[in-house]
Amino acid sequence: MTPAELENIDPQWRHKLHLLDSELEQDVPSPDAPKKTSFEDFEKHILKNPNFIADAFFVALDNGEIVGESSLWVSETDRERLITGSTGVGRSHRRRGIATALKLHAIVYARQHGIKIIVTDNEENNAMYQINLMLGFEPQPTWIVFEKTLRAEPQLSD
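Residues numbered from 1 in each chain as written. Predicted model: local features only at pLDDT ≥ 70, side-chain atom pairs only at ≥ 80, totals over all residues. Heavy atoms only, no water.

Concerning the overall build of the protein
Thinking step 1. Helix and strand counts for the protein stand at five helices and four strands.
Thinking step 2. When its helices and strands are written in sequence order, the protein yields α-α-α-β-β-β-α-β-α.
Thinking step 3. Projected onto its principal axes, the C-alpha coordinates of the protein cover approximately 70 × 35 × 30 Å.
Thinking step 4. For the protein, contacts bridging at least 24 residues in sequence account for 58% of all contacts bridging at least 6.
Thinking step 5. As displayed, the protein offers around 11400 Å² of accessible surface, 51% of which is attributable to carbon and sulfur atoms.
Thinking step 6. Separation between the mean location of the 17 positive side-chain charges and that of the 25 negative ones in the protein comes to 2 Å. (Helix = DSSP H or I, 4+ residues; strand = E, 2+ residues; numbered from the N terminus. Contact = heavy atoms within 4.5 Å. Areas by Shrake-Rupley, 256 points an atom, 1.4 Å probe, with all protein chains shown as cover. Lys, Arg positive; Asp, Glu negative; His and termini not counted. Charge placed at Lys NZ, Arg CZ, Asp CG, Glu CD.)

Right, dumping it as structure tokens:
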């Protein structure tokens, strides 16, 4: 189901999606502790983002509860490429094939719109890694990210 379809059946869908998104963020592997995103920030950075594609944002429902999501986003550099935003399923509904079904909807959408490449990423010990391999995503060369923490240091004098 897409946001347009949700809007027709549930006026609270944005808040429900924010709740699911908040739960999913807790399980995204990251060196940093997860942060709680306010509803306003969620709406601004997701639903009102210029790269958001409403027709390529798919959610799964169980008795009116939003239990899973998968989204595709505009690539700013390549019109024949879409970027996978988040694919995830609430803890209570995992291991039922929901994430795979949502990703398949995204792949069908991309094919119907002439997209040549879908890009996604995830940590290799995450269950989504195996789902991506099963669906034909191919690992790409790794980039290593470097970080330097700048501390106040005495200034050099002439």
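Looking at the packing of helix α4 (residues 98-112) against helix α5 (residues 127-134)
Thinking step 1. Two numbers describe how α4 lies on α5: the axes approach to 11 Å, and their chain directions differ by 45°. Judged by the angle between their axes, α4 and α5 are oblique. In this structure, the crossing between α4 and α5 has a hand that is right-handed. Within the contact between the two elements, α4 uses A99, T100 and K103 and α5 uses M128, I131, N132 and M134.
Thinking step 2. Class assignment for the residues of the contact of α4 with α5 results in four nonpolar, two polar and one charged. (Axes fitted to C-alpha atoms, helices over the stretch in contact; angles between N-to-C directions. Parallel < 35°, antiparallel > 145°, perpendicular 65-115°, else oblique. Left-handed = near helix turned anticlockwise from the far one by under 90°. Nonpolar A, V, L, I, M, F, W, Y, C, P; charged D, E, K, R; others polar.)

Brief notes about α5
Thinking step 1. Residues of α5 that are buried include every one of M128, I131 and N132, and no others. Projection of α5 onto a plane perpendicular to its axis shows the buried side chains occupying an angular sector of 100°, all on one side. For α5, exposure combined with an orientation more than 90 degrees from the buried face picks out Q130 and M134.
Thinking step 2. For α5, the N-terminal cap is N126; the gap from its side-chain oxygen to the backbone nitrogen of M128 is 2.8 Å. (Buried < 20%, exposed > 50% of the residue type's maximum accessible area, 1.4 Å probe, protein only. Arc of directions from axis to C-beta. Polar contact = N/O pair within 3.5 Å; in protein donor to acceptor, adjacent residues only side chain to side chain.)

Remarks on the confidence of the model for the protein
Thinking step 1. Averaged over every residue, the pLDDT of the protein is 91; the share at 70 or more is 97%.
Thinking step 2. Here helix α1 (residues 3-9) is the element of the protein with the lowest mean pLDDT, 92, and α4 is the one with the highest, 97. (pLDDT = per-residue confidence, 0-100.)

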